[in-house]
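Analysis of the macromolecular model
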Amino acid sequence: MKNIIQVFGRKKTSIAVAVVKGPGNGFIRINGTPLDLIEPELLKFKVFEPLLLMGKAGFGDIDIRIRVKGGGFVSQIYAIRQAIARGIVKYFEKFVSETKREEIRNIFLNYDRSILVGDSRRNEPKKSGGKGARSKYQKSYR
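Quick look at the structure, then. Each chain carries its own residue numbering, running from 1 in the direction its sequence is written. Since the coordinates come from a predicted model, pLDDT governs what is reported: local features require at least 70, and pairs of side-chain atoms require 80 or more to be given and counted, while whole-chain, interface and lining totals use all residues. Hydrogen atoms and water are omitted, and side-chain values are computed over all heavy atoms in the structure.

1. With respect to the sheet that holds strand 1 (residues 3–11)
Taking strand neighbours across the sheet as the criterion, the 5 strands line up as 1-2-5-3-4 in an open arrangement whose pairing is mixed. Of all strands in the sheet, those with a lone pairing partner are strand 1 and strand 4 (33–34), marking the two edges. Across 7 bridges, the pairing between strand 2 (residues 14–22) and strand 5 (residues 63–69) is antiparallel. Within strand 5, the position partnered with Ile 15 by the bridge is Lys 69. Residue contacts are counted whenever heavy atoms from the two residues lie within 4.5 Å of one another. Every axis in this analysis is a line fitted to C-alpha atoms, fitted for helices over the stretch in contact. Angles between the N-to-C directions lie between 0 and 180 degrees. Helix numbering and strand numbering both begin at the N terminus, where a helix is a DSSP run of H or I of at least 4 residues and a strand a DSSP run of E of at least 2. Across the sheet, helix 3 (residues 73–96) is in contact with strand 1, strand 2, strand 3 (28–30) and strand 5; its angle to strand 1 comes to roughly 145°. At least two DSSP bridges between two strands are required for those strands to pair.

Here is the structure:
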């Protein structure tokens with residue numbers, strides 16, 4: 001029997017939905033492509049962070065499928081990272097043990113809080129009287 005969990009990660013306007021299945025073979029796919037083929041190369045390490053913190057023993061028997069859309073490259077990478085971390089924590093909570101889940105959660109939170117907790121900052125809407133949210137048109141006296 002497959003144990004399935006569905007979680008999401010968000011950053012700005014990017015939304016990543018992760019489906020975590022276990023027991024599996026350790027496959028991780030993002031929009032159908034393997035994790036190794038992610039571009040840009042520098043941001044690939046951000047996606048690997050939750051996996052490196054867990055160690056090979058922690059996620060070796062879990063398959064993760066991620067669909068991501070919206071936003072730019074960087075925000076998509078951060079949304080994927082959050083979805084992977086949340087999925088692992090939720091999977092361990094529901095199907096393994098509460099103590100193991102708490103241990104993993106503390107590892108993630110001590111490393112970087114944004115790996116589990118979403119960033120609440122959003123784009124401020126434009127107002128009248130200027131070209132942006134706060135800027136105003138230049139005032140002329142003549």
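2. Details of the pairing of strand 5
Note that strand 3 and strand 5 share 3 bridges and pair parallel. What sits directly across from Ile 30, in strand 5, is Ile 66.

3. Details of the nonpolar core
One finds Ile 64 and Ile 66 to be the most contacted residues of the largest nonpolar core, which totals 32 residues. Of all the secondary-structure elements, those providing two or more residues to this core are strand 1, strand 2, strand 3, helix 1 (44–54), strand 5, helix 3 and helix 4 (98–111). The leading source of residues in this core is helix 3, at 10 residues. Ile 66 has contacts with Ala 16, Val 17, Ala 18, Ile 28, Arg 29, Ile 30, Asn 31, Ile 80 and Ile 84, leaving out every residue within four places of it along the chain. Nonpolar core, defined: a set of buried Ala, Val, Leu, Ile, Met, Phe, Trp, Tyr and Cys residues in which side-chain atoms within 4.5 Å join the residues together. Here the term buried applies to any residue with accessible area under 20% of the maximum for its type, exposed to any over 50%, and partly exposed to those in between, with areas from a 1.4 Å probe on protein chains only.

4. A closer look at unusual backbone geometry
Working note: non-glycine residues mostly have negative phi, and peptide bonds are mostly trans. Note that the residue after Gly 22, namely Pro 23, is joined by a cis bond; omega there is -10°. Relative to the assigned elements, Pro 23 resides in the loop between strand 2 and strand 3. The residue after Glu 39, namely Pro 40, is reached through a cis peptide bond having omega -5°. When you line up the elements, Pro 40 lands in the loop between strand 4 and helix 1. Positive phi, close to 55°, is recorded for Lys 12, a residue that is not glycine. Tracing the backbone through its elements, the reader meets Lys 12 in the loop between strand 1 and strand 2. The phi torsion at Asn 31 lies on the positive side, around 50°, for a residue other than glycine. Looking at the element boundaries, Asn 31 is found in the loop between strand 3 and strand 4.

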